[in-house]
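Coordinates in review
Chain by chain, the residues run as shown.
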Amino acid sequence: MINCAFFARHGVFDQEEFLGQRFYVDARLFVEPGRALEDDDISDTVDYGNAFKEIERIVTGKRRYLIEALAYEIAKALCARWPQIRRAEITLRKPNAPVPGVLDHIEVHVCHDA
């Protein structure tokens, strides 16, 4: 599981792009490790530092109107980059969603099978 936070500018409303806010991403990766467990060799599995960088690139990149679309893009990109990832489950939280009412955050959960 990779848990991370980024400042980005996603959302439907113009003020969300202008002001930006923090987004929290949890990436649960189901990895087929191959020889990595036997050989204790990172080259045979996912380098989580690089996975973090890939998530960061996507979240801080192109604006998305829907956080569901953003989460799905992350899941697809991780599965495409590392063939050892058989399934990526992405949970994305947006704490300051412009919703009338009191809330802690909104959250979506998206899965992608390689």
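Description of the structure in this document.

Cut-offs used in this document
- In this numbering scheme, every chain counts its residues from 1 along its sequence in written order.
- Only residues with pLDDT of at least 70 are given local features in this predicted model, and only at 80 or more are side-chain atom pairs given and counted; all residues enter the totals for whole chains, interfaces and linings.
- Computation of side-chain values covers all heavy atoms of the structure but excludes hydrogens and water.
- Strands here mean DSSP runs of E at least two residues long; helices mean DSSP runs of H or I at least four residues long; both are numbered from the N terminus.
- We call two N or O atoms a polar contact when they sit within 3.5 Å, provided that within protein one can donate a hydrogen and the other can accept it, with sequence-adjacent residues counted only if both atoms are side-chain atoms.
- Whenever Lys or Arg places a side-chain nitrogen within 4 Å of a carboxyl oxygen from Asp or Glu, that contact is recorded as a salt bridge.
- We call a residue buried when its accessible area falls under 20% of the maximum for its residue type, exposed when it is over 50%, and partly exposed in between, using a 1.4 Å probe and counting protein chains only.

Mapped onto the elements of the fold, Arg 57 is located in helix H3 (residues 48-59). Along the backbone, Arg 57 and Leu 29 are 28 residues apart, and their C-alpha atoms lie at a distance of 18 Å. In this structure the side chain of Arg 57 is engaged in a polar contact, spanning 2.7 Å, whose partner is the side chain of Glu 54.

The next subject is the pattern of salt bridges. One pass over the structure, following the stated rule, counts ten salt bridges. For Arg 63, the salt bridge identified is with Glu 17, shortest N-O distance 2.7 Å. Of this pair, Arg 63 sits in the loop between H3 and helix H4 (67-81) while Glu 17 sits in helix H1 (residues 14-19); the two residues are 46 residues apart in sequence, bridging distant segments of the chain. Classification of Arg 63 by relative accessible area gives buried; the value is 18%. Assessed through its relative accessible area of 37%, Glu 17 is described here as partly exposed. In this structure, the salt-bridge partner of Arg 28 is Glu 89, at a minimum N-O distance of 4.0 Å. Taken together, the residues Arg 28 in strand S2 (residues 21-31) and Glu 89 in strand S3 (residues 85-94) connect sequence positions 61 residues apart. A relative accessible area of 43% means that Arg 28 is categorised as partly exposed. Linked by salt bridges that have partners in common, Arg 28, Arg 87, Glu 89 and Asp 113 make up one network.

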